Amino acid sequence: MKLQMLTAPSLLACDFLHLEDEVIRAEKSGSDWLHLDVMDGVYVPNLSFGFDIISKLRTVSNLYFDVHMMTVCPEKYLEVLKKAGASSVNIHSDVLSKEKTIETLKAIKALGMDAAVALKPKVAAEEIADFIPYCDMVLVMTVEPGFGGQKFMADMMPKVKAIREMANAVKPELNIQVDGGVSAANIAQCAEAGANVFVVGTSSFRAPDMQAALAEMKAIAENAVK
Ligand code: DX5
Ligand code: ZN
């Protein structure tokens, strides 16, 4: 099955002094999605932004809001995320029990949002098997979650490959996202391994020309799987 290649600039890399302009810049530069990293300082050693900011940004953008929850208790915030305008909610696989994770994925879907599960580098591909039936996307972290601008971990590619193989058997339409250090230098290997949604923070917002950078990365990804 041929999946669409999608770029998802991470707002974490934008100029926070001009949030509104930055979201508009991303949209005008041809972003497919906007990746929004919510961090609570507990699940990860950093704080970012929360629901009120997302909801304000929703008033200036029609982009698909891909919300990456790096928090404990993500299940508490589903309704507020829906109200804020989230298009999808992505929760980490190691935050809740297996049962509670499935329940939370079902609740995300029941609210009309897409559901996703994220795997930290140390979490094995097999951990995702029970969640695939309940999610639209799996995120394979290619850095330790918490900060933008880190070095891409190429050793996560076998994990992407393994998840794509698992998905091919049961849900070929599953999106696989990579997040962390993704750039023109490594996006081809991500696509070859089976990823089709690319979080690009530093390599998009901090590129000299965001539009050109996004177009280049997307073209490389598309060519890699031709
Ligand atoms: C890291 C975040 C990423 C980050 C990616 O915990 O999940 O989304 O913003 O930024 P870059 O692309 O700069 O590594
Ligand atoms: Zn992220």
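Structural data are supplied above this passage.
Along each chain, numbering runs from 1 in the same order as the chain's sequence is written. Each chain takes a letter, starting from A, and each ligand takes a number, starting from 1, following the order in which they are written. Two thresholds apply to this predicted model, a pLDDT of at least 70 for residue-level local features and 80 or more for giving and counting side-chain atom pairs, whereas whole-chain, interface and lining totals are computed over all residues. Note that the side-chain values use all heavy atoms of the structure and ignore hydrogens as well as water.

### Here's the deal with the site of ligand 1
Working step 1: The immediate surroundings of ligand 1 are formed by 19 residues, with Ser10, Gly146, Asp179, Gly181 and Thr202 found nearest.
Working step 2: One of the backbone nitrogen or oxygen atoms of glycine 181 is found 2.8 Å away from an oxygen atom of ligand 1.
Working step 3: Any N or O atom pair separated by 3.5 Å or less is treated as a polar contact, with the protein-specific requirement of one donor-capable and one acceptor-capable atom, and with residues adjacent in sequence counted only for side-chain atom pairs. In this structure, an oxygen atom belonging to ligand 1 sits 2.5 Å away from a side-chain N or O atom of threonine 202.
Working step 4: For accessible areas, the Shrake-Rupley method is used with a probe of radius 1.4 Å. Any residue's cover is judged against the shown protein chains and nothing else. In the complex, 99% of the free accessible area of ligand 1, which totals 380 Å², lies under the protein chains.
Working step 5: Secondary structure elements follow DSSP: runs of H or I no shorter than four residues count as helices, runs of E no shorter than two count as strands, and numbering proceeds from the N terminus. Sorting the residues of the shell around ligand 1 by element identifies β2 (33-39), β3 (64-70) and β8 (197-200) as the ones contributing at least two each.
Working step 6: Three residue categories are used. Nonpolar comprises Ala, Val, Leu, Ile, Met, Phe, Trp, Tyr, Cys and Pro, charged comprises Asp, Glu, Lys and Arg, and polar comprises the others, including Gly. Taken together, the residues that form the shell around ligand 1 break down as seven nonpolar, 10 polar and two charged. In these notes, residues near a molecule or strand are those with any non-hydrogen atom within 4 Å of it.

### Topic: the coordination of the zinc ion (ligand 2)
Working step 1: Taken together, the protein ligands of the zinc ion (ligand 2) are His35 (NE2), Asp37 (OD), His68 (ND1) and Asp179 (OD), with distances of 2.1 to 2.3 Å.
Working step 2: Here a donor is an N, O or S atom found within 2.8 Å of the metal, or within 3.2 Å if the metal is Na, K or Ca; sites may look incomplete because water is not among the atoms. Four donors are marked tetrahedral only if all angles between them lie between 85 and 135 degrees, whereas four are marked square planar and six octahedral if opposite donors are more than 155 degrees apart and the other angles lie between 65 and 115; the remainder are marked irregular. The coordination sphere of the zinc ion (ligand 2) comprises six donor atoms, whose angles at the metal cover 72 to 171°; the geometry is octahedral.
Working step 3: Taken in chain order, the donor set of the zinc ion (ligand 2) reads H-x1-D-x30-H-x110-D. Highlighted residues: histidine 68 in strand β3 and aspartate 179 in strand β7 (residues 175-179), separated in sequence by 111 residues.
Working step 4: Looking at histidine 68, the relative accessible area reads 0%, which means it is buried.
Working step 5: Three exposure classes are used, based on accessible area relative to the maximum for each residue type with a 1.4 Å probe and protein chains only: buried under 20%, partly exposed in between, and exposed over 50%. Residue class for aspartate 179 comes out buried when judged on its relative accessible area of 8%.

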